[in-house]
Amino acid sequence: MNTLLFPVILAGGKGERFWPLSRKDRPKQFLSLDGSSRSLLQATADRLLALGGSWDSLWVITSSQIAEGVKQQLPDLPVENLLIESEGRDTAAAVAWTSLKIKQRYGEDAVIGFFPADHWIADQEAFAHTLNAATQLATSTAAIVTLGIKPTFPSTGYGYIEQGEKIGSFNELPAYHVNRFTEKPDRETAETFLSTGRFSWNSGMFVFRAGVVLKELHTHAPEIIEPLEQHGPDIYPQLPKKSIDYALMEKTTLAYVLPVDFGWDDLGDWNAIERLLKKEETPNVELATHVGLDTQGAIIYASNPEDVVVTIGLEDVVIVRDRNVTLVVKKERTQEIKQILKIIQSDSRFTDLL
């Protein structure tokens, strides 16, 4: 049995909640948001290559709109390991197509890991230790292993995984059968989840053998896997748009969770910048030239270092200046950036802002 892990980076998202910095020609995964010189996509590739693999074992699936940018970002990635979706159909189709391709090349016992391109991970050693455990579990059991992040606060922005019966330990990490997946809860429900000690955040990272996941897709999502097997990626625009959680994880009886803690954040919107970079001794997070009076709890970003952002009497806001756009939004309403983009998209005057 082949115990090498084939990591796959899911890099097709638009990152709309990081607009105006994230745009069609420069999506979120091409941005550096932690003050380093590496983009989110490059940092994810670095992290996965550090596990001991090579460029030959790393795969990326992305959209046709940004495929050329991915090639520029990752010039060492073999062209045959870059899968290009003609149209985004969410993560179920991406997982199905990539798993088919890896099975064709390496066989049904190939162990595959799926990793979103927009995660931040603090402890690389603990991350590697966890993936070793997940690979051991996937190799020894017909298992679809998900990494559950130990929650640090009652988040309403993440899905949750409830752990059931313990099935053993792998690489000294306990593994549990999954009782259920729960979509983003309200605050009271999230607090209840944390009080039980049985719930993890759903990280969206999965490890499994190719044959196991393809068999489960045939059982629970035949409308996705069968057309792909029969017609290949040309059928993509006709596939249903479903997440892997909805299409498979909420239905399969083979879901297992490893509750882990390696310092993690899903960089979903501008508030993630504060979680990463906020220092106790400073009132704001400033990635810009900022002159402020009585301003606190602000996140301030400017892509041009010559631009100066001046604020007076502001609190808990996000200010982003990029090219010809300035965004000002309360931190609690950053999720609504997507709604603004729909308005902009419907007005021909603003098409160059997307």
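Our subject in this report is the structure included herewith. (Residues numbered from 1 in each chain as written. Predicted model: local features only at pLDDT ≥ 70, side-chain atom pairs only at ≥ 80, totals over all residues. Heavy atoms only, no water.)

With respect to helix 10 (residues 337-345)
Thought 1: Within helix 10, the full set of buried residues consists of Ile-337, Leu-341 and Ile-344. In an axial view of helix 10, the angular spread of the buried residues amounts to 60°, which keeps them on one side of the axis. Counted as exposed and oriented over 90 degrees from the buried face of helix 10: Gln-339, Lys-342 and Ile-343.
Thought 2: Tucked into the core, helix 10 has its buried residues touching strand 17 (325-330). (Buried < 20%, exposed > 50% of the residue type's maximum accessible area, 1.4 Å probe, protein only. Helix = DSSP H or I, 4+ residues; strand = E, 2+ residues; numbered from the N terminus. Arc of directions from axis to C-beta. Contact = heavy atoms within 4.5 Å.)

Focus on the nonpolar core
Thought 1: Of all hydrophobic cores here, the largest spans 45 residues; its most connected members are Ile-9, Leu-258 and Phe-262.
Thought 2: At 6 residues, the largest contribution of residues to this core is made by helix 4 (residues 124-140).
Thought 3: Dropping the residues within four chain positions of it, Ile-9 is found in contact with Leu-41, Thr-44, Ala-45, Leu-48, Leu-58, Trp-59, Val-60, Ile-61, Phe-115 and Ala-117.
Thought 4: In terms of nonpolar packing, the next biggest core, distinct from the first, is built from 43 residues, Ala-92, Ile-112, Ile-224 and Leu-254 among them. (Core = buried A, V, L, I, M, F, W, Y, C linked by side-chain atoms within 4.5 Å.)

Focus on the packing of helix 3 (residues 90-106) against helix 6 (residues 210-220)
Thought 1: Contact geometry of helix 3 with helix 6 gives a least axis separation of 9 Å together with a crossing angle of 135°. On the basis of their axis angle, the class for helix 3 and helix 6 is oblique. When the axes of helix 3 and helix 6 are compared, the crossing they make is left-handed. Note on element contacts: helix 6 touches helix 3 through Ala-210, Val-213, Leu-214 and Leu-217, opposite Ala-96, Ser-99, Leu-100 and Lys-103. (Axes fitted to C-alpha atoms, helices over the stretch in contact; angles between N-to-C directions. Parallel < 35°, antiparallel > 145°, perpendicular 65-115°, else oblique. Left-handed = near helix turned anticlockwise from the far one by under 90°.)

Examining the sheet that holds strand 16 (residues 317-322)
Thought 1: Strand order across the open sheet formed by 4 strands is 12-14-16-17, with mixed pairing between neighbours. Sheet topology places strand 12 (285-287) and strand 17 at the edges, where each strand pairs with a single neighbour. The sheet shows a mean angle of 5° between the axes of neighbouring strands, direction not considered.
Thought 2: Bridging between strand 14 (residues 299-302) and strand 16 involves 4 bridges; their strand directions are parallel. Its bridge partner lying in strand 16, Ile-299 is registered against Val-318. (Pairing = 2+ DSSP bridges.)

Brief notes about the pattern of salt bridges
A side chain of one charge can pair with a side chain of the opposite charge if their charged atoms are brought near each other.
Thought 1: The tally for this structure, following the rule as stated, stands at 19 salt bridges.
Thought 2: With its nearest N and O atoms 3.2 Å apart, the salt bridge here joins Asp-322 to Arg-23. Taken as a pair, Asp-322 in strand 16 and Arg-23 in the loop between strand 1 (5-10) and helix 1 (40-49) lie far apart in primary sequence, 299 residues in all.
Thought 3: For Asp-118, the salt bridge goes to Lys-28, with nearest N and O atoms at 2.7 Å. On the criterion of sequence distance, the pair formed by Asp-118 in the loop between strand 4 (111-116) and strand 5 (119-121) and Lys-28 in the loop between strand 1 and helix 1 is long-range, its members being 90 residues apart. For the pair Asp-118 and Lys-28, one class covers both residues: buried. (Salt bridge = Lys/Arg side-chain N within 4 Å of Asp/Glu carboxyl O.)

Description of the side chain of Asn-284
Thought 1: Residue placement: Asn-284 occurs in the loop between helix 9 (271-277) and strand 12.
Thought 2: Within the structure, the side chain of Asn-284 is placed 3.1 Å from the backbone oxygen of Thr-295, a separation counted as a polar contact.
Thought 3: If sequence neighbours within four positions are ignored, Asn-284 has contacts with Lys-278, His-290, Thr-295, Gln-296, Gly-297 and Ala-298. (Polar contact = N/O pair within 3.5 Å; in protein donor to acceptor, adjacent residues only side chain to side chain.)

Points about the side chain of Gln-29
Thought 1: Among the secondary structure elements, Gln-29 is positioned in the loop between strand 1 and helix 1.
Thought 2: Its relative accessible area of 4% is what places Gln-29 among the buried residues.
Thought 3: Residues contacting Gln-29, with those up to four places away along its chain left out, are Ala-11, Gly-12, Gly-13, Ser-39, Leu-40, Leu-41, Ile-66, Gln-73 and Ala-117.

A look at unusual backbone geometry
Thought 1: Following Trp-19, the chain continues into Pro-20 via a peptide bond in cis, with omega recorded as 10°.
Thought 2: Mapped onto the elements, Pro-20 comes out in the loop between strand 1 and helix 1.
Thought 3: A positive phi is found at Glu-172, a non-glycine position, where the angle reads about 70°.
Thought 4: The residue Asp-316 is not glycine, and still its phi comes out positive at about 55°.
Thought 5: The class for Asp-316 is partly exposed, based on a relative accessible area of 36%.

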